[in-house]
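# Coordinate analysis (summary)
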Amino acid sequence: MDTPPQKFHLPHWLQAIVASTGGLGLFLIAFLDSSVLSFPVINDLLLINLSVQNPARMPYYAAMATIGSVAGCLLLYYIARKGGEAMFQEHAGPRARQIQAWIDRNGFLSILVTALLPPPTPFKVFVIAAGALEMPVQKFVLGLLAARAVRYFGEGLLAIHYGDQAGQFLVTHKLEVAGITLGVVVCLYLLSLLAFRPRPAN
């Protein structure tokens with residue numbers, strides 16, 4: 001049975017779900033964290049802890065975290081799409097104009113970058129902006145899937161390689177992690193340009 005460490009500040013009912021279900025509990029926390037609630041860093045640390053306990057199941061844990069996060073973001077995206085720009089203005093505050101201009105010019109890249117980076121990156125503001133400004137859902141989902149998969153599978157690999165020190169590694173090697181993340185972002189962005197370039201008419 002998978003047991004999350006008690007140092008994670010989760011409601012008792014969520015701790016019980018993760019303890020009894022492992023990957024499904026991770027899916028639930030990722031879903032809630034990406035939509036209506038907020039558990040900064042906890043999802044990442046739970047993924048690392050579960051992967052350390054059972055390395056063979058790491059791909060399953062990373063996949064469940066990725067799918068849960070994408071599903072939660074989609075819920076928030078459609079809520080924002082229904083709420084429109086008023087909801088976006090309320091959440092973005094004085095940064096609304098800058099975020100809107102960035103989304104208009106670089107929608108896919110904005111989701112890709114903010115979904116890769118750890119807290120305190122204001123990720124949900126960009127999700128709300130994507131919905132309110134009606135960013136194409138295909139680009140939105142593709143950016144999320146690419147970024148979250150890189151993040152969670154990368155953390156899972158760190159957990160297998162470094163064991164219980166993986167969480168500390170992420171904290172003490174910020175520059176290295178940031179450099180690798182930036183490289184991944186650039187590669188994924190270049191691939192996105194190829195994927196979404198206009199096709200010549202027949």
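Residues numbered from 1 in each chain as written. Predicted model: local features only at pLDDT ≥ 70, side-chain atom pairs only at ≥ 80, totals over all residues. Heavy atoms only, no water.

## Remarks on the packing of aromatic side chains
A full pass over the atoms with the stated rule returns four aromatic pairs. Ring geometry for F27 against F31: centres 6.5 Å apart, planes inclined by 10°, an arrangement best described as stacked. In this pair, F27 and F31 are both assigned in helix 2 (residues 23-34), four residues apart and thus about one turn of the helix distant. Taking the relative accessible area as the measure of exposure, F27 reaches 26% and is therefore partly exposed. Judged by relative accessible area, which is 23%, F31 ranks as partly exposed. Each member of the aromatic cluster is reached from another via a ring pair, and the members are Y77, Y78 and F140. One cation-aromatic arrangement involves R148 over F123; the distance from NZ or CZ to the ring centre is 4.6 Å. (Phe/Tyr/Trp six-rings, centres within 6.5 Å; stacked < 30°, edge-to-face > 60°. Helix = DSSP H or I, 4+ residues; strand = E, 2+ residues; numbered from the N terminus. Buried < 20%, exposed > 50% of the residue type's maximum accessible area, 1.4 Å probe, protein only. Lys NZ or Arg CZ within 6 Å of the ring centre and 35° of its normal.)

## Quick word on helix 3 (residues 42-53)
If you check helix 3, its first and last C-alpha atoms are 16 Å apart, about what 12 residues at 1.5 Å a residue would give, namely 16 Å. Among the 12 residues in helix 3, nine count as buried, and that is most of the element. Taken residue by residue, helix 3 has I42, N43, D44, L46, L47, I48, N49, L50 and S51 as its buried positions. (Expected span 1.5 Å × (residues − 1).)

## Considering the pattern of salt bridges
Applying the stated criterion across every chain yields a total of two salt bridges. Linking D44 and R151 is a salt bridge whose minimum nitrogen-to-oxygen distance equals 2.9 Å. In this pair, D44 sits in helix 3 while R151 sits in helix 7 (residues 137-162), placing the two residues 107 residues apart along the sequence. Residue R151 is classed as buried on the basis of its relative accessible area, which comes to 10%. The residue R151 makes a salt bridge to E155 at a minimum N-O spacing of 3.8 Å. With R151 and E155 both in helix 7, this residue pair falls four residues apart, about one helical turn. (Salt bridge = Lys/Arg side-chain N within 4 Å of Asp/Glu carboxyl O.)

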